[in-house]
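# Examination of the molecular architecture
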Amino acid sequence: MDIAQNISVEDMASIKLWLLQESQRLEYARRSFEKEKQEFEDKKQKFEAERNIIMATVSEQARRTELESKTLATEKILFQQKLEILEAGFRTLCKEREDFETEKEKYRSRYAAAGTSGNGSVHVSAYNTGVFFNGVDNVLALKKRYRDLLKIFHPDNMDGDNETVQVINEEYAILKEQF
C-alpha cells in the first residue's frame, strides 16, 4: 500500500485511463477474435459441405468408371467371340474355296476335250454339271451358296472370272425355279 500512497491523483487518473483503454482494446480484440472464429467456423462448414459434394461426385464417377470398365470388359469378350466366329467362318470359306478349286480342276481335266479357249483354259460352260450348288437342298442354302460364290468369283475380285459368274447365275436361276 505504500505504492498507492506515493502515487499522485494525476498518476492515478492516467493509470485508470490506461486501464480503461487497455480494457477497451482487449474487448475489441476479443470481439474481433470471436468474429474471426465465427467466420472460420462458417468457412469450415462451407468447406465441409463442398468436400462432401466433391466426395459424392468422386464416388459417383468411380462407380460410373467401374460400370464402364465392366461394360468394356464384357464388350471385349463379345468382340473376341465374334472375331473367333468370323475367323472360323473365314477358315471354312477358304477350305470350301480350296475344295471347290480342286473340284473345278477335276472337272476341267475331265472335260478338257469338250472345248478350250484361246489361252488354253477350259470353257466353264463346257462342263456345267451343277457343281456350284452341289448339296444344296433348300432356298436359304441356295441363296447363301449363291452369295458366297459371287464373293469368290465376281469379276472385280483378283481371281474373279466372268464366265464362271455367268454359269453360276444360270445354275442359280434354274435351281431357284425348282425350289
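About the cut-offs
- Residues numbered from 1 in each chain as written.
- Predicted model: local features only at pLDDT ≥ 70, side-chain atom pairs only at ≥ 80, totals over all residues.
- Heavy atoms only, no water.
- Helix = DSSP H or I, 4+ residues; strand = E, 2+ residues; numbered from the N terminus.
- Buried < 20%, exposed > 50% of the residue type's maximum accessible area, 1.4 Å probe, protein only.
- Contact = heavy atoms within 4.5 Å.
- Areas by Shrake-Rupley, 256 points an atom, 1.4 Å probe, with all protein chains shown as cover.
- Patch = residues over 30% accessible without salt bridge, like charges linked within 9 Å, V, L, I, M, F, W, Y side chains within 5 Å.
- Salt bridge = Lys/Arg side-chain N within 4 Å of Asp/Glu carboxyl O.
- Lys, Arg positive; Asp, Glu negative; His and termini not counted.
- Charge placed at Lys NZ, Arg CZ, Asp CG, Glu CD.
- Core = buried A, V, L, I, M, F, W, Y, C linked by side-chain atoms within 4.5 Å.
- Phe/Tyr/Trp six-rings, centres within 6.5 Å; stacked < 30°, edge-to-face > 60°.

## Focus: the overall build of the protein
Summing up its helical and strand segments, the protein has 4 helices and 0 strands in all. Written out in order from the N terminus, the α and β elements of the protein read α-α-α-α. A buried classification covers 15% of the 179 residues belonging to the protein. Residue pairs in contact within the protein that sit at least 24 positions apart in sequence constitute 47% of those at least 6 positions apart. Carbon and sulfur atoms make up 56% of the accessible area of the protein, which totals about 14,500 Å².

## Some thoughts on a negative patch on the surface
A surface patch of negative charge is lined by Glu36, Glu39, Glu41 and Asp42. Mapped onto the secondary structure, Glu36 falls in helix H2 (residues 9-110). What makes Glu36 exposed here is its relative accessible area of 52%.

## Some thoughts on the nonpolar core
Among the nonpolar cores identified, the biggest contains 16 residues, and Phe132, Phe133, Leu142, Leu149, Phe153 and Ile168 are the most heavily contacted of them. Elements represented by at least two residues in this core include exactly H2, helix H3 (139-153) and helix H4 (162-178). Contact partners of Leu142, with chain neighbours within four places excluded, come to Phe133, Val136, Tyr172, Leu175, Lys176 and Phe179.

## Describing a positive patch on the surface
Side chains of Lys143, Arg147, Lys151 and Lys176 sit close together on the surface and give a patch of like positive charge. Assessed through its relative accessible area of 48%, Lys176 is described here as partly exposed.

## Some remarks on the packing of aromatic side chains
Enumeration over the complete set of coordinates arrives at 5 aromatic pairs. Note on Phe100 and Phe153: the rings are 4.9 Å apart at their centroids and 65 degrees apart in plane angle, and the pair reads as edge-to-face. Of the two residues, Phe100 sits in helix H2 while Phe153 sits in helix H3, which places them 53 residues apart along the sequence. The buried category is assigned to Phe153, whose relative accessible area is 1%. Clustering of aromatic rings is evident, with ring pairs tying together Phe100, Phe132 and Phe153.

## Some remarks on the environment of Phe100
Given a relative accessible area of 12%, Phe100 falls into the buried group. As for Phe100 and Leu149, which are separated by 49 residues in sequence, their C-alpha atoms are 9.9 Å apart. Setting aside its immediate chain neighbours within four residues, Phe100 contacts Val131, Phe132 and Phe153.

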